[in-house]
Amino acid sequence: MGVPHVSGSEAMRAHVSEEQEVLLDKVSTGFPRRAAAYLALLLLTLTFIVDQWDRYLLPYVSKEVIRELDLSDTEYGLLTGYAFTLPNMCAGLLLGRTADRANRKWLVAISLALFTVCTASTSWTHSFPSIFGARLGLGISEAAIGPATYSMIGDLFPPHLRASACGVYNFGIYVGGALASASQVIDTHLGWRVTFRLVAL
């Protein structure tokens with residue numbers, strides 16, 4: 001069997017080091033590929049932290065919400081359960097398909113803006129139907145974050161770095177949950193309505 005012919009240009013490309021690739025990327029794009037990827041990961045993780053913070057805020061300030069809105073156990077159960085999870089699940093399927101076709105950066109940005117509005121609107125609710133609507137909107141608007149982000153991570157990082165990048169991103173669940181828990185301090189001193197407004201900022 002003959003030895004496959006390798007051209008001089010192919011041999012040169014095979015010996016280009018990783019550092020040289022980064023430099024070449026910097027010349028061609030104005031920004032090192034890996035630095036850009038980690039910056040994008042940071043922004044996506046921060047978005048996910050806010051996402052989780054908004055999602056879990058209600059249970060941590062529920063005592064005053066239940067008292068002021070005169071919610072029954074069933075109504076509160078719906079707010080923390082189906083009012084969020086069902087629309088989030090259904091919208092996630094549709095928005096996952098949308099993320100395959102649309103600009104994912106804009107999808108994440110629009111989602112962030114919408115769920116921030118829904119969080120803020122919770123502070124102006126005065127009845128079960130109104131807060132139910134705010135929770136429903138939150139569930140729908142947060143549904144795009146996961147599909148769009150995981151798809152972007154797949155494009156930003158090579159296979160040997162994707163699991164680590166996803167691990168960093170998923171850490172946002174715990175940070176967001178911790179911030180939601182810490183928000184009880186604001187609730188104690190300023191009330192649940194101010195807490196929702198401050199978190200939405």
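Everything here concerns the structure above.
Here the structure is a predicted model, which means the values were calculated and not measured. (Residues numbered from 1 in each chain as written. Predicted model: local features only at pLDDT ≥ 70, side-chain atom pairs only at ≥ 80, totals over all residues. Heavy atoms only, no water.)

Considering the overall build of the chain
Inference 1: Counting secondary structure elements, the chain contains 12 helices and zero strands.
Inference 2: Listing the helices and strands of the chain from first to last along the sequence gives α-α-α-α-α-α-α-α-α-α-α-α.
Inference 3: A burial count over the chain gives 38% of its 201 residues as buried.
Inference 4: Considering only contacts in the chain between residues 6 or more positions apart, those separated by 24 or more positions represent 76%. (Helix = DSSP H or I, 4+ residues; strand = E, 2+ residues; numbered from the N terminus. Buried < 20%, exposed > 50% of the residue type's maximum accessible area, 1.4 Å probe, protein only. Contact = heavy atoms within 4.5 Å.)

A few points about the packing of helix α6 (residues 82–101) against helix α8 (residues 128–142)
Inference 1: Where α6 meets α8, the closest approach of the two axes is 7 Å, and the angle between their N-to-C directions is 30 degrees. By the angle between their directions, the pair α6 and α8 is classed as roughly parallel. For the crossing formed where α6 meets α8, the hand is right-handed. Judged by residue contacts, Ala83, Phe84, Pro87, Asn88, Ala91 and Leu95 of α6 engage Phe132, Arg135, Leu136, Leu138, Gly139, Ile140 and Glu142 from α8.
Inference 2: Taken together, the residues of the contact of α6 with α8 sort by class into nine nonpolar, two polar and two charged. (Axes fitted to C-alpha atoms, helices over the stretch in contact; angles between N-to-C directions. Parallel < 35°, antiparallel > 145°, perpendicular 65-115°, else oblique. Left-handed = near helix turned anticlockwise from the far one by under 90°. Nonpolar A, V, L, I, M, F, W, Y, C, P; charged D, E, K, R; others polar.)

Some words on helix α3 (residues 33–60)
Inference 1: Across its 28 residues, α3 extends 40 Å between first and last C-alpha, which sits within 8% of the 40 Å expected from 1.5 Å per residue.
Inference 2: The principal kink in α3, of about 25 degrees, is found at Asp54. (Expected span 1.5 Å × (residues − 1). Bend = angle between axes of the 7 residues up to and from the residue.)

Observations regarding the nonpolar core
Inference 1: Counting residues in hydrophobic clusters, the biggest one holds 23 residues, and the most contacted among them are Leu41, Val108, Ile145, Ile153, Phe157 and Tyr169.
Inference 2: Contributing elements (two or more residues each) for this core: α3, α6, α7 (104–122), α9 (145–156) and α10 (159–182).
Inference 3: Beyond its immediate sequence surroundings of up to four residues, Ile153 is in contact with Leu41, Arg162, Ala165, Cys166 and Tyr169. (Core = buried A, V, L, I, M, F, W, Y, C linked by side-chain atoms within 4.5 Å.)

Details of helix α12 (residues 192–200)
Since there are 3.6 residues in each turn of an α-helix, residues three or four apart along the chain are aligned in direction.
Inference 1: Those residues of α12 lying buried are Trp192, Arg193, Thr195, Phe196, Val199 and Ala200. Along the axis of α12, the buried positions cluster into a sector of 160 degrees, meaning they face one direction only.
Inference 2: Contact partners of the buried residues in α12: α3, α4 (62–69), α7 and α11 (184–190). (Arc of directions from axis to C-beta.)

Focus: the pattern of salt bridges
Inference 1: Scanning the model with the defined rule gives five salt bridges in all.
Inference 2: In this structure, Arg55 and Glu142 form a salt bridge, with 3.1 Å as the shortest nitrogen-oxygen distance. Taken together, the positions of Arg55 in helix α3 and Glu142 in helix α8 put the pair 87 residues apart, joining distant regions of the chain. Of the two residues, Arg55 and Glu142, neither departs from the other in class, the shared state being buried.
Inference 3: A salt bridge links Glu68 to Arg193; the shortest N-O distance between them is 2.7 Å. Taken as a pair, Glu68 in helix α4 and Arg193 in helix α12 lie far apart in primary sequence, 125 residues in all.
Inference 4: Of the residues examined, Glu68 reaches a relative accessible area of 39% and is grouped as partly exposed.
Inference 5: You can call Arg193 buried: its relative accessible area is 14%.
Inference 6: Salt bridges here are not isolated pairs; linked through shared partners, they connect Asp51, Arg55 and Glu142. (Salt bridge = Lys/Arg side-chain N within 4 Å of Asp/Glu carboxyl O.)

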